[in-house]
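Architecture and fold: a report
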Amino acid sequence: MTSHGGTDPHPSGTGRKHRSRRPTEAELRAVIEPLAEIERLPTSAGEREAAHRIADLLRTLGATDAAVEEEPAYTSYARPIGTLTALATAAGLLAGRSRLAATAVAAAATLGIADDISYRHQYARRALGGRRRSAHNVVASVGDPDAPRTLVVTAHHDAAPTGAVFDERAARWFATRYPHLIDRVSENPPLWWPVVAGPALIALGAATGAKSLRRAGIGLAALSTAAFTQIGRSRAVPGANDNLSGVAVLVALARTLRAEPVNGVRVLLVSAGAEEALQEGIRGFARRHFPDLDRERTWFLNVDTVGSGNLVLLEAEGPLRMEPYDVPFNNLLSECATRNDIKVLTGLRSRSSTDGVVPNRHGYPTATLVSIDDQKLIPHYHLHTDLPEHVDYDCVADACALAEAAARALAPQPTE
């Protein structure tokens, strides 16, 4: 894994001497509990209401420029991807009439899905995603607006729909039955691979005349279509851990830096909307703000689902191809964790995608902080049981302390 090549961060003298503040559980609950009561599907009225509440709260804590920025965004990944898997299924069933047409349709579906979930051009989303609405991003700053360095701390406040595919009972059974295998695991199962594999097998089977491949592909594509149909029709989960825990970190950081500012570092607090539509909100933030953020003097810390019990600094992330995060910045965060007696797991990778993939793809030194439980799972992930009472608030407090430590460690030395 290689660095992005920007200015190497380093622990400052202030960072070594200062002990990061851990917010109380009451402070964290005061943020999470009211927002969890709002149904916050991407681009919905609930997402907008949550954004304005967060902006109001940040203003009361000294981030007087806190604003809600509306960005064009699609509502869901379920509609375009589910349409592609349905088309591939139909192509597989009708392959007997025209193998060439079936091959072309299934191959196009394969490429469309891979493009969409890899946060690239997303042509299928533009063609099949319906009318674009608005994601609601909260953007605020604390610290010196003219500081030479900027730390952008990102979270998201929208909540995911649910579906049978997120049922965790099978994963729990496996982790309980085979703990020795779980100990060796360094990444979560690649849930997107079967979605891509279905149309790909149909295309391959139709092209070669291999009925077994085509039938296997039809089965996978049909199951995917059913899953996406259910997800597209589902209501939002409360999303207390995913990701109001991250929002609580932003609020705690604003409170702490108001009381004890950091010299030489501007901290941008960004709570994005429509993350659960595959990073729609943060893409809007990128279009609006990246031209003004110097890659040599800007770092991104993405905080997502940090109330599961054990903090994790991801080594890499990507649904299809792993993309590494910045080594020097991850090392700096690990040093900050050590100085503040915060336990952080390293060496783990994710087959999902968070908002951190966007600045990472644009060349900014980026780190993503998540969490897992003792079975290396995210409890209540995308389920209606993702409630405030199930959040590990000690874990969230550790994430708050680590974010503060990162801001102080990025402060330039007096000679800079």
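Refer to the structure presented above.
Residues numbered from 1 in each chain as written. Predicted model: local features only at pLDDT ≥ 70, side-chain atom pairs only at ≥ 80, totals over all residues. Heavy atoms only, no water.

1. Some thoughts on the overall build of the protein chain
The condition that has to hold: Strands are runs of DSSP state E lasting at least two residues, helices are runs of H or I lasting at least four, and both sets are numbered from the N terminus onward. Using C-alpha atoms as the atom set, the radius of gyration is obtained and then compared with a globule rule of 2.2 Å times the number of residues to the power 0.38. Each residue is placed in one exposure class: buried if its accessible area under a 1.4 Å probe, protein chains only, is under 20% of its type's maximum, exposed if it is over 50%, and partly exposed if it falls in between. Residue contacts are counted whenever heavy atoms from the two residues lie within 4.5 Å of one another. Per-residue accessibility takes into account occlusion by the displayed protein chains alone, with areas from the Shrake-Rupley method and a 1.4 Å probe. We score Asp and Glu as negative and Lys and Arg as positive, and we do not count His or the chain ends. Throughout, a charge is located at the NZ atom of Lys, the CZ atom of Arg, the CG atom of Asp or the CD atom of Glu.
Scanning the protein chain for helices and strands turns up 15 helices and nine strands. The C-alpha atoms of the protein chain give a radius of gyration of 22 Å, which matches the 22 Å a tight globule of 416 residues would have. Taking the principal axes of its C-alpha atoms as reference, the protein chain extends roughly 75 × 45 × 40 Å. Taken over 416 residues, the protein chain has a buried fraction of 56%. Restricting the contact set of the protein chain to residue pairs at least 6 apart, pairs at least 24 apart contribute 88%. When the accessible surface of the protein chain is summed, it comes to about 17200 Å², and 54% of that surface belongs to carbon and sulfur atoms. Charge separation in the protein chain, taken as the distance between the mean sites of 45 positive and 47 negative side-chain charges, equals 8 Å.

2. Describing the environment of Glu33
The condition is simple: The term polar contact refers here to a pair of N or O atoms within 3.5 Å; inside protein, the definition further demands a hydrogen-donor-capable atom paired with an acceptor-capable atom, and it admits residues adjacent in sequence only when both atoms are side-chain atoms.
Mapped onto the elements of the fold, Glu33 is located in helix H2 (residues 25-36). The exposure class assigned to Glu33 is partly exposed, which follows from its relative accessible area of 33%. Between the C-alpha atom of Glu33 and that of Asp304, which follows or precedes it by 271 residues, the distance is 17 Å. Reaching out from Glu33, the side chain makes a polar contact with the side chain of Arg29 at a distance of 2.6 Å.

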